[in-house]
Amino acid sequence: MTADRDGPTGGHRLCYAQCWEDADVLLDALDIRPGHVCLSIASGGDNALAMLSRGPERVIAVDRNPAQIACLELKVAACRLLEYEEVRELLGSLPSRRRGRLYRRLRPSLSADARRYWDARPDAIAMGVGEAGKFEGYFRLFRNRVLPLIHSRQRVALLLRGGPNAARETFYDAAWDTRRWRLMFHAFFSRLVMGRLGRGPECFRYVEGGVARHLLARTRHALTALDPADNPYVQWILLGRHTTALPCALRPDCFNAIRANLDRLEWHCGTLEDWLASHEGLAIDRYNLSDIFEYMSAEAYRQLLQRLVGVGTPGGRLAYWNLLAQRRRPAELADRLNPLVALAERLHAKDRAFFYGDFVLEEIQ
């Protein structure tokens, strides 16, 4: 296991303490098999870890933000050294009063940069590492300050109880979708507020259309077409923990497979472009690209996609999400990249991390 370290992480802010893309969708899309070499955006680390559960030869996690690398490194150490329920406690998935002690057990195994980062953030450890990112803080503000002005705890509990599809739709229309819900949702999840408190204004540079309107429609889908009782992402947003559902990397069977394959994971701090330039000759079978193309102009997206396809193997797959910026295979790559539209649409319909307007799956020819 290796880690490129580009200096101290203390000045960098953790954007995402969790991955907010559904790993089950990702794994179904990529169809990772033994022998595959996989490249993943590190982000919160969960989906790079989940990819290990399929037994690939190698998973390479890359992120330009050293704080994201520190997050992944901490989760790797937790998976290696802690028991299953202790990992859930450390991350905040389960209640705990001993997270500081759990961290101290892991600390000697961390790199100097990761130790510096987490040593400086005892409050983040105490509340659960899964709450430590800017995006999670945005949801925490919604959960603690905004949601109580709209719905009672009892009503939230009724929503999360789930049930048959018809009952979910009736509850949403009759009890949840109030005028106050819509007004406060549009205010809190507006481009302006989310840009300042959640994802950062650069995330919306290439986005067109109403952000809050899109998110409200996707939220309705998540709370009616999908069952909240089976949705760990909805549960965390509304409760700050998991109750009846877990993301892939925290389910016992997946966790055990991840632990068995940890030595197949490596991480590198830097841009994806720089990593590609320094690893010429390496062939990649599977790509988890998160939503990185949302941050790029159409021309920058086209150039990076060409480079990724150039080092990909025939039959290799690329998976990525779009919020509102439309990023799909450009015409000049039509002879090299085949969109798997039907499979992508089927997976997007069941995507429990429901924010994104599009899920893209493309295969190298």
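Model, not experiment: these values are computed from the prediction.

Conventions adopted
Residues numbered from 1 in each chain as written. Predicted model: local features only at pLDDT ≥ 70, side-chain atom pairs only at ≥ 80, totals over all residues. Heavy atoms only, no water. Helix = DSSP H or I, 4+ residues; strand = E, 2+ residues; numbered from the N terminus. Buried < 20%, exposed > 50% of the residue type's maximum accessible area, 1.4 Å probe, protein only. Contact = heavy atoms within 4.5 Å. Areas by Shrake-Rupley, 256 points an atom, 1.4 Å probe, with all protein chains shown as cover. Lys, Arg positive; Asp, Glu negative; His and termini not counted. Charge placed at Lys NZ, Arg CZ, Asp CG, Glu CD. Arc of directions from axis to C-beta. Phe/Tyr/Trp six-rings, centres within 6.5 Å; stacked < 30°, edge-to-face > 60°. Lys NZ or Arg CZ within 6 Å of the ring centre and 35° of its normal. Salt bridge = Lys/Arg side-chain N within 4 Å of Asp/Glu carboxyl O. 1 Å grid on protein atoms, 1.4 Å probe; cavity = no way out; pocket = protein on both sides within 12 Å on 5 of 7 lines; lining within 4 Å. Points joined across faces, edges and corners; volume = space filled by probe spheres on them. Nonpolar A, V, L, I, M, F, W, Y, C, P; charged D, E, K, R; others polar. Expected span 1.5 Å × (residues − 1). Polar contact = N/O pair within 3.5 Å; in protein donor to acceptor, adjacent residues only side chain to side chain. Axes fitted to C-alpha atoms, helices over the stretch in contact; angles between N-to-C directions. Parallel < 35°, antiparallel > 145°, perpendicular 65-115°, else oblique. Left-handed = near helix turned anticlockwise from the far one by under 90°.

Visitor: Mind showing me how you'd approach the overall build of the protein here?
Guide: Check the secondary structure of the protein and you find 18 helices and eight strands. Each principal axis of the C-alpha distribution contributes one length, and for the protein these read about 60 × 50 × 35 Å. Burial statistics for the protein: of 365 residues in total, 58% are counted as buried. A separation threshold of at least 6 residues defines the contact pool for the protein, and within that pool the share at least 24 residues apart is 75%. In the form shown here, the protein has an accessible surface area of approximately 15200 Å², with 50% of it arising from carbon and sulfur atoms. With 52 positive and 44 negative side-chain charges, the protein shows a spacing of 7 Å between the two charge centroids.

Visitor: I keep staring at helix H15 (residues 252-260) and nothing clicks. Help me out?
Guide: Counting along an α-helix, one turn takes 3.6 residues, and residues three or four places apart therefore face a common direction. Looking only at H15, the buried set comprises Cys 254, Phe 255 and Ile 258. Down the axis of H15, the smallest arc covering the buried residues is 100°, so these residues share one side. Residues of H15 that are exposed and point more than 90 degrees away from the buried face comprise Asp 253 and Ala 260. Where H15 is buried, its residues meet helix H2 (46-52), helix H3 (66-81) and helix H4 (84-91).

Visitor: Can you help me understand the environment of Arg 107 in this one?
Guide: Residue position: Arg 107 is located in the loop between helix H5 (99-106) and helix H6 (112-119). If near-sequence neighbours (up to four positions away) are discounted, Arg 107 is found in contact with Arg 115 and Asp 119.

Visitor: Before we go on, may I ask you to explain the packing of aromatic side chains in this structure?
Guide: Aromatic ring pairs are described here by two measures, namely the spacing of the ring centres and the angle between the planes. Applying the stated rule across the entire model yields 27 aromatic pairs. Taking the centre distance of 6.2 Å and the plane angle of 75° together, the rings of Phe 355 and Tyr 356 count as edge-to-face. The side chain of Arg 121 reaches across the aromatic face of Tyr 117, ending 3.7 Å from its centre.

Visitor: In this structure, what is going on with unusual backbone geometry? I would like to understand it.
Guide: A negative phi holds for most residues other than glycine; trans holds for most peptide bonds. Positive phi, close to 50°, is recorded for Asp 31, a residue that is not glycine. Structurally, Asp 31 is set in the loop between helix H1 (23-30) and strand S2 (37-41). Take Asp 31: its relative accessible area is 24%, and that puts it in the partly exposed class.

Visitor: What is the right way to look at the pattern of salt bridges in this model?
Guide: It is possible for side chains bearing opposite charge to pair when their charged atoms get close. For the structure shown, the criterion picks out 23 salt bridges. Notably, a salt bridge pairs Asp 24 with Arg 251, separated by 2.7 Å at the nearest N-O pair. A residue pair is termed long-range when its members are at least 10 positions apart, and Asp 24 in helix H1 and Arg 251 in the loop between helix H14 (232-239) and H15 qualify at 227 residues. Exposure remark for Arg 251: the relative accessible area of 24% places this residue in the partly exposed category. Through salt bridges with shared partners, one network takes in Asp 22, Asp 24, Arg 251 and Arg 352.

Visitor: I tried to follow empty space enclosed by the protein on my own but got confused; where do I start?
Guide: Here the idea is plain: a probe the size of a water molecule rolls over the atoms and shows the empty space left. A full pass over the atoms with the stated rule returns two cavities of 30 Å³ or more. Considering only enclosed or pocket space, the largest cavity measures out at about 230 Å³ in volume. What lines the largest cavity is a set of 22 residues, and nearest its centre among them are Asp 46, Lys 75, Leu 91, Pro 247 and Leu 250. Classifying every residue of the lining of the largest cavity gives 15 nonpolar, five polar and two charged.

Visitor: Is there a simple way to explain the layout of surface pockets in this structure?
Guide: Of the voids in this model, the second largest pocket is the one considered here, and its volume is about 280 Å³. Looking at the second largest pocket, the residues that line it are Arg 143, Asn 144, Leu 147, Pro 148, His 151, Ser 152, Arg 153, Val 156, Ala 157, Leu 160, Leu 238 and Leu 239. For the lining of the second largest pocket, the elements supplying multiple residues, two or more each, are helix H8 (134-146), helix H9 (153-161) and H14. When grouped by side-chain class, the residues that make up the lining of the second largest pocket number seven nonpolar, three polar and two charged.

Visitor: Mind showing me how you'd approach H3 here?
Guide: The terminal C-alpha atoms of H3 lie 22 Å apart, and with 16 residues this matches the ideal 22 Å at 1.5 Å per residue to within 8%. Within H3, 14 of the 16 residues are buried, which leaves the element mostly enclosed by the surrounding structure. Where H3 begins, the side chain of Asn 65 points an oxygen toward the backbone nitrogen of Ala 67, at a separation of 2.9 Å.

Visitor: How should the environment of Leu 265 be read in this particular structure?
Guide: If you trace the backbone, Leu 265 turns up in strand S4 (residues 265-269). Note on Leu 265: relative accessible area 1%, which makes it buried. When the C-alpha positions of Leu 265 and Ser 278 are compared, they lie 18 Å apart, and in sequence the two are 13 residues distant.

Visitor: Whenever I open this one, the packing of helix H11 (residues 179-188) against helix H13 (residues 211-224) confuses me. Can you help?
Guide: Packed helices, taken two at a time, are described by the angle their axes make and the gap between the axes. Close contact between H11 and H13 brings their axes to 9 Å; oriented N to C, the two are set at 130°. It follows from the interaxial angle that H11 and H13 lie oblique. You can see that H11 and H13 cross each other, and the crossing is right-handed. The segment H11 lies against H13, with Trp 181, Arg 182, Phe 185 and His 186 engaging Ala 212, Arg 213, Leu 215, Leu 216 and Thr 219. Across the contact of H11 with H13, the residue classes break down as five nonpolar, two polar and two charged.

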